[in-house]
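Here's the letter readout for the chains.
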Amino acid sequence: MRLFVALEIPAAVRDNLAALLKDLRDLSLRLGDKRGRWVRPENLHVTLKFIGEAADTKLKGIRDALAKIRSDAPVDLQFRGLGYFPHERHPRVLWVGLNASSNLALLAGDIDRALEAQGVAPEKRAFAPHVTLARFEPPGLHEKLGAAIQKNSQREFGSFQARDFHLIESKLRPSGAEYTTLASFPLT
(Lines give C-alpha, C1' and ligand atoms only; values in the text may rest on other atoms or scores of the structure.)
Protein backbone atom coordinates (compact mmCIF):
# COMPACT_ATOMS: atom_id res chain seq x y z
CA MET A 1 0.00 0.00 0.00
CA ARG A 2 1.08 3.58 -0.73
CA LEU A 3 1.00 5.74 2.41
CA PHE A 4 1.60 9.27 3.63
CA VAL A 5 1.02 11.32 6.79
CA ALA A 6 -0.82 14.63 6.46
CA LEU A 7 -2.94 17.38 7.91
CA GLU A 8 -6.40 17.62 6.40
CA ILE A 9 -7.63 21.02 5.22
CA PRO A 10 -10.98 22.35 6.50
CA ALA A 11 -13.86 23.02 4.10
CA ALA A 12 -13.57 26.84 4.12
CA VAL A 13 -9.90 26.79 3.08
CA ARG A 14 -10.53 23.93 0.62
CA ASP A 15 -13.35 25.91 -1.03
CA ASN A 16 -11.07 28.94 -1.51
CA LEU A 17 -8.36 26.74 -3.02
CA ALA A 18 -10.91 24.91 -5.18
CA ALA A 19 -12.09 28.21 -6.70
CA LEU A 20 -8.52 29.11 -7.65
CA LEU A 21 -7.87 25.61 -9.00
CA LYS A 22 -10.96 25.80 -11.20
CA ASP A 23 -9.95 29.18 -12.63
CA LEU A 24 -6.36 28.09 -13.36
CA ARG A 25 -7.34 24.66 -14.75
CA ASP A 26 -10.01 26.23 -17.00
CA LEU A 27 -7.50 28.80 -18.28
CA SER A 28 -4.96 26.05 -18.93
CA LEU A 29 -7.54 24.08 -20.94
CA ARG A 30 -8.57 27.16 -22.97
CA LEU A 31 -4.91 27.76 -23.77
CA GLY A 32 -4.45 24.13 -24.85
CA ASP A 33 -1.63 23.71 -22.30
CA LYS A 34 -1.79 20.02 -21.39
CA ARG A 35 1.30 19.91 -19.19
CA GLY A 36 -0.58 20.48 -15.93
CA ARG A 37 -1.96 17.66 -13.80
CA TRP A 38 -4.27 19.53 -11.41
CA VAL A 39 -5.00 18.19 -7.93
CA ARG A 40 -8.67 17.49 -7.26
CA PRO A 41 -9.96 19.72 -4.42
CA GLU A 42 -10.94 16.71 -2.27
CA ASN A 43 -7.29 15.57 -2.39
CA LEU A 44 -5.74 18.81 -1.08
CA HIS A 45 -3.73 18.28 2.11
CA VAL A 46 -0.52 19.28 3.89
CA THR A 47 1.96 16.40 3.64
CA LEU A 48 4.00 15.82 6.78
CA LYS A 49 5.73 12.66 5.54
CA PHE A 50 5.49 10.66 2.33
CA ILE A 51 6.03 7.02 3.29
CA GLY A 52 5.56 5.46 -0.13
CA GLU A 53 4.98 1.76 -0.66
CA ALA A 54 4.69 -0.23 2.56
CA ALA A 55 3.80 -3.85 3.12
CA ASP A 56 0.52 -4.56 4.93
CA THR A 57 2.59 -6.21 7.66
CA LYS A 58 4.22 -2.83 8.48
CA LEU A 59 0.92 -1.01 8.99
CA LYS A 60 0.52 -1.83 12.70
CA GLY A 61 4.06 -0.69 13.51
CA ILE A 62 3.55 2.54 11.56
CA ARG A 63 0.25 3.23 13.36
CA ASP A 64 1.77 2.46 16.77
CA ALA A 65 4.75 4.77 16.09
CA LEU A 66 2.48 7.63 14.98
CA ALA A 67 0.15 7.16 17.96
CA LYS A 68 3.01 8.10 20.34
CA ILE A 69 3.64 11.50 18.73
CA ARG A 70 2.33 14.57 20.51
CA SER A 71 2.71 18.33 20.35
CA ASP A 72 2.43 20.76 23.24
CA ALA A 73 -0.18 22.78 21.29
CA PRO A 74 -2.30 22.63 18.13
CA VAL A 75 -0.61 23.78 14.90
CA ASP A 76 -1.64 27.19 13.59
CA LEU A 77 -1.70 27.40 9.79
CA GLN A 78 -2.28 30.30 7.42
CA PHE A 79 -2.53 29.52 3.69
CA ARG A 80 -1.09 32.35 1.64
CA GLY A 81 0.66 32.90 -1.68
CA LEU A 82 1.64 30.75 -4.62
CA GLY A 83 5.04 29.47 -5.69
CA TYR A 84 6.89 26.81 -7.65
CA PHE A 85 9.28 23.94 -7.08
CA PRO A 86 12.08 24.06 -8.05
CA HIS A 87 11.63 27.70 -9.21
CA GLU A 88 9.56 29.98 -11.46
CA ARG A 89 11.77 29.58 -14.56
CA HIS A 90 11.46 25.78 -14.51
CA PRO A 91 8.17 25.00 -12.70
CA ARG A 92 7.47 21.36 -11.96
CA VAL A 93 5.07 21.94 -9.05
CA LEU A 94 2.67 24.80 -8.31
CA TRP A 95 2.01 25.18 -4.59
CA VAL A 96 0.19 27.27 -2.00
CA GLY A 97 2.45 28.48 0.78
CA LEU A 98 1.92 28.11 4.51
CA ASN A 99 2.78 30.30 7.43
CA ALA A 100 2.72 27.95 10.39
CA SER A 101 3.52 27.90 14.06
CA SER A 102 6.98 26.53 14.83
CA ASN A 103 5.57 23.25 16.11
CA LEU A 104 4.65 22.18 12.54
CA ALA A 105 8.31 21.61 11.62
CA LEU A 106 8.86 19.88 14.98
CA LEU A 107 5.87 17.60 14.28
CA ALA A 108 7.21 16.70 10.82
CA GLY A 109 10.62 15.92 12.35
CA ASP A 110 9.09 13.75 15.08
CA ILE A 111 7.09 11.82 12.47
CA ASP A 112 10.19 11.34 10.32
CA ARG A 113 12.22 9.98 13.26
CA ALA A 114 9.40 7.72 14.50
CA LEU A 115 8.92 6.20 11.05
CA GLU A 116 12.65 5.76 10.47
CA ALA A 117 12.55 3.30 13.39
CA GLN A 118 9.90 1.42 11.36
CA GLY A 119 12.19 1.13 8.33
CA VAL A 120 10.90 4.19 6.43
CA ALA A 121 13.72 6.18 4.81
CA PRO A 122 14.32 9.58 6.46
CA GLU A 123 13.79 12.80 4.53
CA LYS A 124 16.83 14.11 2.66
CA ARG A 125 15.39 17.60 2.12
CA ALA A 126 14.37 20.16 4.70
CA PHE A 127 10.66 20.26 5.51
CA ALA A 128 8.93 22.86 3.29
CA PRO A 129 5.23 23.09 4.25
CA HIS A 130 2.94 23.64 1.27
CA VAL A 131 -0.16 22.39 -0.54
CA THR A 132 0.44 21.05 -4.04
CA LEU A 133 -2.02 22.41 -6.62
CA ALA A 134 -0.52 21.05 -9.85
CA ARG A 135 2.42 19.20 -11.36
CA PHE A 136 3.78 20.15 -14.78
CA GLU A 137 5.28 17.55 -17.09
CA PRO A 138 7.29 18.54 -18.95
CA PRO A 139 8.21 21.45 -16.65
CA GLY A 140 6.96 24.86 -17.73
CA LEU A 141 3.69 26.62 -18.35
CA HIS A 142 1.98 28.93 -20.81
CA GLU A 143 2.83 32.63 -20.41
CA LYS A 144 -0.83 33.58 -19.77
CA LEU A 145 -1.17 30.88 -17.12
CA GLY A 146 2.01 32.18 -15.48
CA ALA A 147 0.51 35.69 -15.48
CA ALA A 148 -2.69 34.43 -13.82
CA ILE A 149 -0.63 32.66 -11.17
CA GLN A 150 1.45 35.80 -10.62
CA LYS A 151 -1.75 37.84 -10.21
CA ASN A 152 -2.73 35.51 -7.32
CA SER A 153 0.78 35.20 -5.87
CA GLN A 154 -0.07 37.02 -2.63
CA ARG A 155 -3.65 35.80 -2.26
CA GLU A 156 -4.85 34.59 1.15
CA PHE A 157 -6.87 31.38 1.33
CA GLY A 158 -7.70 31.16 5.03
CA SER A 159 -6.34 29.74 8.24
CA PHE A 160 -7.11 27.12 10.84
CA GLN A 161 -5.76 25.32 13.85
CA ALA A 162 -4.86 21.66 13.30
CA ARG A 163 -5.56 19.45 16.29
CA ASP A 164 -4.81 16.08 14.69
CA PHE A 165 -2.90 14.43 11.85
CA HIS A 166 -3.71 11.42 9.67
CA LEU A 167 -2.23 8.29 8.11
CA ILE A 168 -3.62 8.14 4.57
CA GLU A 169 -3.53 5.48 1.87
CA SER A 170 -3.25 6.65 -1.73
CA LYS A 171 -4.55 4.40 -4.51
CA LEU A 172 -3.47 5.53 -7.96
CA ARG A 173 -6.24 5.28 -10.53
CA PRO A 174 -6.45 6.43 -14.17
CA SER A 175 -8.87 9.14 -12.99
CA GLY A 176 -6.41 10.32 -10.32
CA ALA A 177 -5.39 9.37 -6.81
CA GLU A 178 -8.02 8.21 -4.32
CA TYR A 179 -7.27 8.81 -0.64
CA THR A 180 -8.53 6.85 2.35
CA THR A 181 -7.79 7.90 5.92
CA LEU A 182 -6.59 4.80 7.78
CA ALA A 183 -6.01 6.39 11.20
CA SER A 184 -6.17 9.79 12.91
CA PHE A 185 -3.95 10.92 15.77
CA PRO A 186 -4.55 13.79 18.22
CA LEU A 187 -1.73 16.34 18.49
CA THR A 188 -2.20 17.21 22.15
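Let me begin by describing the structure that accompanies this report. These figures come from a predicted structure and were not determined experimentally.

## Some words on the sheet that holds strand β2 (residues 36-38)
With antiparallel pairing, five strands are arranged side by side in an open sheet as β2-β6-β5-β4-β7. Of all strands in the sheet, those bounded by a partner on one side alone are β2 and β7 (156-162). Mean inter-strand twist for the sheet, computed between neighbouring axes without regard to direction, equals 30°. Inspection of the sheet shows strand β5 (residues 93-100) paired to strand β6 (residues 130-136) by five bridges, in the antiparallel sense. Across the sheet, valine 93 pairs through a bridge with arginine 135, a residue of β6. Together, β2, β4 (75-85), β5, β6 and β7 form the strand contacts of helix α1 (residues 11-31), whose direction differs from that of β7 by roughly 145°.

## A look at the nonpolar core
Residues Leu66, Phe79, Leu94, Phe165 and Leu167 are the most contacted members of the largest nonpolar core, which totals 52 residues. No other element matches α1, which puts six residues into this core.

## Quick notes on the environment of threonine 180
Along the chain, threonine 180 turns up in strand β9 (residues 176-186). Linking threonine 180 and phenylalanine 136, residues 44 residues apart in sequence, is a C-alpha distance of 25 Å. Aside from chain neighbours lying at most four places away, what touches threonine 180 is Leu167, Ile168 and Glu169.

## Some points on unusual backbone geometry
That bond from phenylalanine 85 to proline 86 is cis: its omega, -10°, falls within 30 degrees of zero. Position of proline 86 relative to the elements: it lies in the loop between β4 and β5. Between glutamate 137 and the following residue, proline 138, the backbone shows a cis peptide bond with an omega angle of 0°.

## A word on the pattern of salt bridges
Under the counting rule described, the total for this entry stands at ten salt bridges. Of the charged contacts, one joins arginine 35 and aspartate 33 as a salt bridge, the two residues approaching to 3.0 Å between their closest N and O atoms. The salt bridge involving glutamate 178 is made with arginine 173; its shortest N-O contact spans 3.4 Å. Connected through shared salt-bridge partners, Lys49, Asp112 and Glu123 make up one network.

## Let's talk about the side chain of serine 71
Within the element layout of this structure, serine 71 appears in the loop between α2 (59-67) and β4. Separated by 3.0 Å, the side chains of serine 71 and asparagine 103 make a polar contact. Filtering out sequence-adjacent residues up to four positions away, serine 71 remains in contact with Asn103, Leu187 and Thr188.

## A look at α2
Here α2 has its buried residues at Leu59, Gly61, Ile62, Ala65 and Leu66. Along the long axis of α2, the arc covered by the buried residues comes to 165°, so they all point the same way. Looking at the buried residues of α2, the elements they touch are β1 (2-8), β3 (45-53), α3 (103-116), β8 (164-173) and β9.

## A short note on the pairing of β1
In terms of burial, β1 is a largely internal element, five of the seven residues being buried. Note that β1 and β8 share four bridges and pair antiparallel. Counterpart to phenylalanine 4 in the pairing with β8 is isoleucine 168.

Rules used throughout
Residues numbered from 1 in each chain as written. Predicted model: local features only at pLDDT ≥ 70, side-chain atom pairs only at ≥ 80, totals over all residues. Heavy atoms only, no water. Pairing = 2+ DSSP bridges. Helix = DSSP H or I, 4+ residues; strand = E, 2+ residues; numbered from the N terminus. Axes fitted to C-alpha atoms, helices over the stretch in contact; angles between N-to-C directions. Contact = heavy atoms within 4.5 Å. Core = buried A, V, L, I, M, F, W, Y, C linked by side-chain atoms within 4.5 Å. Buried < 20%, exposed > 50% of the residue type's maximum accessible area, 1.4 Å probe, protein only. Salt bridge = Lys/Arg side-chain N within 4 Å of Asp/Glu carboxyl O. Polar contact = N/O pair within 3.5 Å; in protein donor to acceptor, adjacent residues only side chain to side chain. Arc of directions from axis to C-beta.

The analysis is restricted to geometry; functional conclusions fall outside its scope.
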